[in-house]
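Single-letter residue listing:
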Amino acid sequence: MALANPFTCEIIKNALVAIGEEMFIALKRTSMSPIIYEALDYGIGLTDAQGQLISQGNGIPGFIGTLDGAVRSVLEKFSAENIRPGDMFITNDPYGGGGTHLSDVSMIMPVFHDGRLIAWTANKAHWTEVGGKDPGSFSSDASEIYQEGLQFPTIRLYEAGRINQSLVDLIAANVRLPEMTIGDLHACAAALRVGERRLLNIVAKYGEATTIEAIERLLEHGEAMVLESF
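Residues numbered from 1 in each chain as written. Predicted model: local features only at pLDDT ≥ 70, side-chain atom pairs only at ≥ 80, totals over all residues. Heavy atoms only, no water.

### Brief notes about the environment of A39
Mapped onto the fold, A39 is located in the loop between α2 (34-37) and β1 (42-48). Put simply, A39 and H126 are 87 residues apart on the chain and 10.0 Å apart in space, counted from C-alpha to C-alpha. (Helix = DSSP H or I, 4+ residues; strand = E, 2+ residues; numbered from the N terminus.)

Given below as structure tokens:
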């Protein structure tokens, strides 16, 4: 028996859209970098447990289109039992995980309900500094990737809600603008938590089964619309 009737699906759909918008605004308002809070050089969204995009903020399309790859890079590297509530992952791998270049850093957070993984929040933002041989981490004459800055190969930044301070210290010691870079890291983390909190509010109101069913129907509807265009 279907749990999510058409009216409930529509309400949940609009709630998911609102989540994407609120996450987008949260990152804009808390970022330390003009390239983020003025140029809006970032993308943000929400995926289902498998990494399929279900909601987004009004960010860079090229970034939004890589968020599912970032989530899948976590799923490929970490086993299900090794992903816990409060974890958060970071990657800027240009050769995997939906990467672009090292300055475009993705952060990914699992969303759990009653011990079950139900979704992910994710963002990709252009950090002003990730180190490298040139200021701003832009190197038109770089001959190898090591000259471009720090590489985050899909690693855990938070474990069960506790930040890996050693990793933060390492980043701060290797960038020219540590206050700005670490500020953007915390801003990205805050935006992910906003998405987690709002999705769990939906689940609390409509139930996990109804929410998941509505998400599946929305994905199916999106697929049908795309297929009709061919």
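Here the narrative resumes, following the displayed structure.
### Regarding the pattern of salt bridges
For the structure shown, the criterion picks out ten salt bridges. Salt-bridge contacts for E22 lead to R198; the nearest nitrogen and oxygen are separated by 2.8 Å. You can see E22 sitting in helix α1 (residues 6-30) and its partner R198 sitting in helix α6 (residues 178-206), a full 176 residues away along the chain. Overall, E22 belongs to the partly exposed group, its relative accessible area being 30%. Residue R198 is classed as partly exposed on the basis of its relative accessible area, which comes to 28%. The salt bridge involving K133 is made with D134; its shortest N-O contact spans 3.1 Å. Judged by relative accessible area, which is 36%, K133 ranks as partly exposed. Within this structure, K133, D134 and D141 form a network of salt bridges that share partners. (Salt bridge = Lys/Arg side-chain N within 4 Å of Asp/Glu carboxyl O. Buried < 20%, exposed > 50% of the residue type's maximum accessible area, 1.4 Å probe, protein only.)

### Some details on a nonpolar patch on the surface
A cluster of nonpolar side chains, contributed by V226, L227 and F230, occupies part of the molecular surface with about 380 Å² of accessible area. With respect to the helices, strands and loops of the structure, L227 is situated in helix α7 (residues 208-228). (Patch = residues over 30% accessible without salt bridge, like charges linked within 9 Å, V, L, I, M, F, W, Y side chains within 5 Å. Areas by Shrake-Rupley, 256 points an atom, 1.4 Å probe, with all protein chains shown as cover.)

### Overview of the packing of helix α5 (residues 165-173) against α6
As a packed pair, α5 and α6 sit with axes 9 Å apart at the nearest point and diverge in direction by 140 degrees. Relative to α6, α5 is oriented so that their crossing is right-handed. Each of V168, I171 and A172 in α5 lies in contact with α6, whose residues at this interface are P178, T181, I182 and L185. Of the residues in the contact of α5 with α6, the class split is six nonpolar, one polar and no charged. (Axes fitted to C-alpha atoms, helices over the stretch in contact; angles between N-to-C directions. Left-handed = near helix turned anticlockwise from the far one by under 90°. Contact = heavy atoms within 4.5 Å. Nonpolar A, V, L, I, M, F, W, Y, C, P; charged D, E, K, R; others polar.)

### Details of the sheet that holds strand β2 (residues 53-56)
Strands in a sheet are paired, the pairing made by backbone hydrogen bonds, and the direction either parallel or antiparallel. The sheet built from seven strands is open, its strands ordered β2-β1-β5-β4-β3-β6-β7 with antiparallel pairing. The open sheet has two edge strands with one neighbour each: β2 and β7 (162-163). Across ten bridges, the pairing between strand β4 (residues 104-113) and strand β5 (residues 116-126) is antiparallel. Its bridge partner lying in β5, V111 is registered against A119. (Pairing = 2+ DSSP bridges.)

So, to be careful, I would describe these as geometric facts and stop short of saying anything about function.
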